[in-house]
Each structure stands twice: as C-alpha cells, then as structure tokens.
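Report on the structure
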Amino acid sequence: MIQSLGDLLSVEVGGVALLTLLLLLLAGFAAGWVDAVVGGGGLLQLPALLMVPGITPVQALATNKLGSIFGTTTSAITYARRVRPSMRTALPMAFAALLASYGGAVVAASLPEQIILPLILVALIGVGVFTAVKPNVGQLEKLRHTGISHLSRAALIGMIIGFYDGVLGPGTGTFLIIALVTVLGYSFLNSSAQAKVVNVATNLGALLFFAPAGHVLVVLGLLLGVANMLGGYVGARMAIAKGSKFIRVVFLIVVFALVLKLGYDVLAEWGPWLFHHVQALTGASQMSAPLPSAH
C-alpha cells in the first residue's frame, strides 16, 4: 500500500522505478528540444538510459535511436512547413547517411573508440573557437558550390557523419550543422532544418541493424519517443521564431558541453597512461601503468 511520495516514486512500471521513468521522460523532452535546435540531445538521453537497472550499453544506444527518431521526425516536419529547407541537398545527404549509419552500427562493437574520441575532441574545439571568433558565420546564406560539386559534398558529409552516428552518436546533429554552415554555406537556421532530415535517416539506418538484432527496448523507446516528439516540436518552433542568432548561441553552448563530456572521457581513458609516462620522463616514478584498452 502506497503511504508516502517515496512509496509512489518507488513503484515499478515495466520493471523501471517510477522516479527513474519520470527522469527518463524529462531527459527525453530536453533531448528532443536540444536536437531540434542544434543537435546533441544524446548527451542527455543516453546517460539517462544508463540509469535503468540491467540495461547494457548497446541496448541504451539502440533504445536511444528509437526514441530520437520520433523527435527528429517531428522537428523535421515542423521545419519543413515553415523554413522550406533545400530538399535537393538534404535528401541525397540523408540517403548517404542512412547507408553509412547502418554500416557504422555494424562495426560499432569493434571500432577503437579510444582512438576516435581524441580526434573528435580536437575537431569540436576547433569548430567552437572558429564559430565564437567569427560571429557572422551562419547568419547569412552564401552557398559556396553549385551543381554536382554541391551534391557530391553534401553526400560525402552525410556519409561521414552518418557513419559516426552509427558508431558513437553524440553531437551528430551538431556536426551536420557545422558542415552545412562551413562547407556548403547555409545559414544556421537552414542548416538546422536540413540536419533534422538527415538525422532521421541516421537514426533509421542504425535501427535497421539494432532492431532485428533484438537490442531495442521497445516500450521504453516508445515512451521516450513521445517525450522527444514534444521536445522536438517546442524546440523547432522556438528556433524558427528566434532565427540564426539564437541557434548560434545554443550551438556554442552544446559544443562546449560536448567538449567537456568527450574531454572527460578522453582523460579517463588516457589519463593514467599519460601520467605514468610524464612521471617516467621526469624520473619521478618507475611504476608501470597499463595502456588504454585500444592498444
């Protein structure tokens, strides 16, 4: 019998405590909002999923894809109705991203994440500094390529970032916006609109591998999907109303958060090894330390 708020929050729904479920749904709404504006919602949703007792990392990744596809689809439709993004660019990019994301999901278990994360971290820091010191970047639309040159670059962007999304995932929408602004010359608003179309494809590509393999927790993913849809709709409407300047500010905040998250992961992985070798070089210690697991 429920006699207090604590008793109520400890009630299990489908094997998950009500408090944990509520926190998951809150994270899902926030992730949908962030994804709709600049991408990077996985920074919120993935850690929240890992709070579920007994869930494996691959199940968390797969379930995150199911929840996210509802939010990205909602925000993509909302943008399409009001911004009119260039589907001539978005669709080839999305097709390439779908195929690459499937491939990324297939090799996710064997790719050395310890090597990739430092490279991503360096790229993010560079992009954040570039965006911060050039306030006019992404404010106006100045397309840099036309015809086959434009489409081939769009497809290459979709392929590279789609593969990344299948393997790791955090910040996929952010990377898409980076590429659309800096490589192709779109505004932040148009880039964000096109990124949602591509993000739907990357989520779908990964799910085509994860779902048949039985990694998706369907009920939990659908509940997250509802929260993502609400967050995606609110985020897309806000981004459209406030324009490229607002998106640029949120973009910089999300890039900063990504740098902190990936920086922590890199430090946790490589820190003991680097510390040992610094000590060895200075003659302070001869104690052995194991290499990161990728080596």
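Scroll up for the structure.
The structure contained in this document is the topic of the report that follows. (Residues numbered from 1 in each chain as written. Predicted model: local features only at pLDDT ≥ 70, side-chain atom pairs only at ≥ 80, totals over all residues. Heavy atoms only, no water.)

The biggest cluster of nonpolar side chains holds 63 residues, and the ones touching the most others in it are Val38, Met93 and Ile247. Put simply, the parts of the chain that give this core at least two residues each are helix H2 (18-37), helix H3 (42-49), helix H4 (57-82), helix H5 (87-107), helix H7 (147-167), helix H8 (172-184), helix H9 (188-210) and helix H10 (218-282). (Core = buried A, V, L, I, M, F, W, Y, C linked by side-chain atoms within 4.5 Å. Buried < 20%, exposed > 50% of the residue type's maximum accessible area, 1.4 Å probe, protein only. Helix = DSSP H or I, 4+ residues; strand = E, 2+ residues; numbered from the N terminus.)

Assignment of secondary structure puts serine 187 in the loop between H8 and H9. For the pair serine 187 and arginine 248, spaced 61 residues apart in sequence, the C-alpha to C-alpha distance is 9.8 Å. Side-chain polar atoms of serine 187 contact the backbone nitrogen of asparagine 190, separated by 3.2 Å. (Polar contact = N/O pair within 3.5 Å; in protein donor to acceptor, adjacent residues only side chain to side chain.)

With that settled, the discussion passes to the pattern of salt bridges. As a working rule, side chains carrying opposite charge can pair if their charged atoms are close by. For the structure on display, the rule yields one salt bridge. As a salt-bridge pair, aspartate 165 and lysine 65 come within 2.7 Å of each other at their nearest N and O atoms. Here lysine 65 lies in helix H4 and aspartate 165 lies in helix H7, a separation of 100 residues in the sequence. Each member of the pair, aspartate 165 together with lysine 65, is buried. (Salt bridge = Lys/Arg side-chain N within 4 Å of Asp/Glu carboxyl O.)

With their axes 8 Å apart at the nearest point, H2 and H3 run at an angle of 160° to one another. Classified by the angle between their axes, H2 and H3 sit roughly antiparallel to one another. The element H2 and its partner H3 pack so that their crossing is left-handed. Of the residues in H3, those touching H2 at Leu24, Ala27, Gly28, Ala30, Ala31 and Val34 are Leu44, Gln45, Ala48 and Leu49. Grouping the amino acids of the contact of H2 with H3 by side-chain chemistry returns eight nonpolar, two polar and no charged. (Axes fitted to C-alpha atoms, helices over the stretch in contact; angles between N-to-C directions. Parallel < 35°, antiparallel > 145°, perpendicular 65-115°, else oblique. Left-handed = near helix turned anticlockwise from the far one by under 90°. Contact = heavy atoms within 4.5 Å. Nonpolar A, V, L, I, M, F, W, Y, C, P; charged D, E, K, R; others polar.)

Here we come to H8. The end-to-end C-alpha distance of H8 is 17 Å, a good match for the 18 Å that 13 residues give at a rise of 1.5 Å each. For H8, every residue scored as buried is listed here: Thr172, Gly173, Thr174, Phe175, Leu176, Ile177, Ile178, Ala179, Leu180, Val181 and Leu184. (Expected span 1.5 Å × (residues − 1).)

A few words on the packing of aromatic side chains. Under the definition given, this model contains four aromatic pairs. Considering the side-chain rings of tyrosine 102 and phenylalanine 209, the 6.2 Å spacing of their centres and the 90° angle between planes classify their relative orientation as edge-to-face. Here the residue tyrosine 102 occupies a position in helix H5, and phenylalanine 209 occupies one in helix H9, the gap between them amounting to 107 residues. Given the relative accessible area of 24%, phenylalanine 209 is considered partly exposed. Here the aromatic cluster, defined as three or more aromatic residues joined through ring pairs, consists of Tyr102, Phe209 and Phe210. The aromatic ring of phenylalanine 246 is capped on one face by lysine 242, whose charged end is 5.9 Å from the ring centroid. (Phe/Tyr/Trp six-rings, centres within 6.5 Å; stacked < 30°, edge-to-face > 60°. Lys NZ or Arg CZ within 6 Å of the ring centre and 35° of its normal.)

Turning our attention to H7. Taking 1.5 Å of rise per residue, 21 residues should cover 30 Å, and H7 covers 31 Å from first to last C-alpha, within 8% of that figure. All of the buried residues along H7 are His150, Ala154, Ile157, Gly158, Ile161, Gly162, Tyr164, Asp165, Gly166 and Val167. Phi for glycine 169, located one or two positions after H7, is positive at around 110°.

A few words on the side chain of aspartate 165. Under the relative-accessibility criterion, aspartate 165 is labelled buried at 2%. Setting aside chain neighbours within four positions, we find aspartate 165 in contact with Lys65, Ser101, Thr172, Asn199, Thr202 and Asn203.

Viewed as axis vectors pointing N to C, H3 and H4 meet at an angle of 130°, and their least axial separation amounts to 9 Å. Between H3 and H4, the interaxial angle falls into the category oblique. When you trace H3 past H4, the crossing you get is right-handed. Taken together, the residues of H4 that come into contact with H3 (itself represented by Gln45, Leu46 and Leu49) are Ala60, Leu61, Thr63, Asn64, Gly67 and Ser68. The residue inventory of the contact of H3 with H4, partitioned by class, reads four nonpolar, five polar and no charged.

These values are about where atoms sit, not about what they do.
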